[in-house]
Amino acid sequence: MTQSSEPDLFEPFSSVELTKFRRALRRWYQRRARDLPWRRTGDPYRIWISEIMLQQTTVAAVVPYFERFLDRFPDVEELATAEEGDVLRLWEGLGYYSRARNIHRSARQLVEELNGVFPETVDELIKLPGIGRYTAGAIVSFAFDRPAPIVEANTLRLYSRLLALDENPRSTHGQRVLWAFAEHLLPRRSAGEFNQALMELGSQVCTPTEPECPKCPARSVCRAFAAGRQSEIPVAAPRQQITAIVEAAVAVRSGDQYLLRRNPEGQRWAGMWDFLRFPIEDADRHIPESGLDSTRPVPSRLARQLERTSQDMAGIEIRANRFLTELRHGVTRYRIRLQCFLAETDASANRMADGFQWVHPDAFSDYPLSVTGRKLARLLEAM
Ligand code: SF4
């Protein structure tokens, strides 16, 4: 099949086929749609929050976060007046924290420049931080029922199979084809429900593995189904290289308080708080594959490195006393072995630069921490 021309590619979706498909999809959606909290509303604020949370995150994980977030910030005005730390605290555990910071910045922009009123066009919405073409299309179609195409993870897979797309759907050309196809499918009326139905179909029937083709309302127009190629499509993107790194998290104690540092702008987890955290140099030499022994003193060369780097970061002298535990986690393309240490300092708890705080374990819960930061905080709380 040649893909040099989009009209050829869309050929099975003639106006007659398209009308049939839209009707079948609508009937299916009205019977099978899940009852999700963000579907019970036409409020663009709620739709926006849910769509940002759902990026890179499953529905099941998002529901409790969405409900807590909306309880605390029921409208854009409440969100705009919040402290960034409070927004990040409610986001804690969802990851990709720039989403929360962008939501906060967008809320401020909406209130300051637009009186808290959401724009009703894609072109205006994508001027807000963190709102891309997909999110804008979702808000415009779900909240205002205006025709705006959408392509996200579920519809990307669905469209790729409907078209039997023989290329990486995330490539520049693949994206161009899919956005044009989304536009081609879109009805002029009830575009919001139609887009929701496409996403639901992608998520519930046209699943990544073992799609339920016999139950699918699109099977009469699906090229992948006709060719028996559902398992080959979408074409996989080139595998991302995973890099293994070893980092240290140093919990520095002064009396009964621990030092927390606010991650600066431009760094990983900006705006979140953390213990002193940095890569361990020559980790192969210092950290055995089986892990450090928490019953023995920290090896002296490693202790010196921890002390030197902590001094550079926080400007205080520490003694790296104990290895506590190793936490393994992944961030984007990195697989991290995080070595957690306890350290002591005689530094006065009053004299610290901006961006540092001495915090009693009882108050750890007031600070937004990364998932591993929270695990270490819980360990310290229990000590
Ligand atoms: Fe997906 Fe199968 Fe439906 Fe085609 S027929 S859209 S492959 S579930």
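Structure report, in brief.

Right, let's talk about the overall build of the protein chain for a bit. For the protein chain, the helix and strand inventory stands at 16 helices and 7 strands. Viewed in the frame of its principal axes, the protein chain has a C-alpha envelope of about 80 × 50 × 35 Å. For the protein chain, buried positions account for 50% of its 383 residues. Taking contacts inside the protein chain between residues at least 6 apart in sequence as the whole, the part at least 24 apart equals 68%. Here the protein chain displays about 19000 Å² of accessible surface, and carbon together with sulfur accounts for 46% of that area.

Attention now goes to the pairing of strand β6 (residues 334–344). Of all 11 residues in β6, 9 are buried; the element is thus mostly enclosed. As paired elements, strand β5 (residues 319–331) and β6 share 11 bridges and run antiparallel to each other. Following the sheet pairing, H329 is matched in β6 by I336. Counted between consecutive antiparallel strands, the loop separating β5 from β6 contains 2 residues, among which T332 sits at a positive phi close to 45°.

Close contact between helix α4 (residues 59–72) and helix α6 (residues 84–91) brings their axes to 9 Å; oriented N to C, the two are set at 155°. The orientation of α4 relative to α6 falls into the category roughly antiparallel. Judged by the sense of rotation from one axis to the other, the crossing of α4 with α6 is right-handed. Seen from α4, the contacting residues are Y65, R68, F69 and R72; seen from α6, they are D86, V87, L90 and W91. Taken together, the residues of the contact of α4 with α6 break down into 5 nonpolar, no polar and 3 charged.

Moving on to the environment of L79. By the secondary structure assignment, L79 is in helix α5 (residues 76–80). Judged by its relative accessible area of 0%, L79 is buried. When the C-alpha atoms of L79 and P234 are compared, they prove to be 38 Å apart, with 155 residues separating the residues in sequence. Other than its neighbours up to four places away in sequence, L79 contacts Y45, W48, I49, F69, F73, V87, I103, H104 and A107.

Another aspect to go through is the layout of surface pockets. By volume, the largest pocket is sized at about 1000 Å³. Lining the largest pocket are 35 residues, and of these L54, Q55, Q56, E152 and A153 lie nearest its centre. Secondary structure elements with two or more residues in the lining of the largest pocket: α3 (44–54), α7 (98–114), α9 (133–144), α10 (153–163) and α12 (191–204). Among the residues making up the lining of the largest pocket, the classes are represented as 14 nonpolar, 12 polar and 9 charged. Here the second largest pocket defines a volume of roughly 510 Å³. Surrounding the second largest pocket, 23 residues form its lining, G95, Y96, Y97, W269 and V331 being those nearest its centre. Of the residues forming the lining of the second largest pocket, the biggest block, 5 residues, is contributed by β5.

The rules behind each value
Residues numbered from 1 in each chain as written. Predicted model: local features only at pLDDT ≥ 70, side-chain atom pairs only at ≥ 80, totals over all residues. Heavy atoms only, no water. Helix = DSSP H or I, 4+ residues; strand = E, 2+ residues; numbered from the N terminus. Buried < 20%, exposed > 50% of the residue type's maximum accessible area, 1.4 Å probe, protein only. Contact = heavy atoms within 4.5 Å. Areas by Shrake-Rupley, 256 points an atom, 1.4 Å probe, with all protein chains shown as cover. Pairing = 2+ DSSP bridges. Axes fitted to C-alpha atoms, helices over the stretch in contact; angles between N-to-C directions. Parallel < 35°, antiparallel > 145°, perpendicular 65-115°, else oblique. Left-handed = near helix turned anticlockwise from the far one by under 90°. Nonpolar A, V, L, I, M, F, W, Y, C, P; charged D, E, K, R; others polar. 1 Å grid on protein atoms, 1.4 Å probe; cavity = no way out; pocket = protein on both sides within 12 Å on 5 of 7 lines; lining within 4 Å. Points joined across faces, edges and corners; volume = space filled by probe spheres on them.

Remember that the coordinates give geometry; whether it matters functionally is a separate question.
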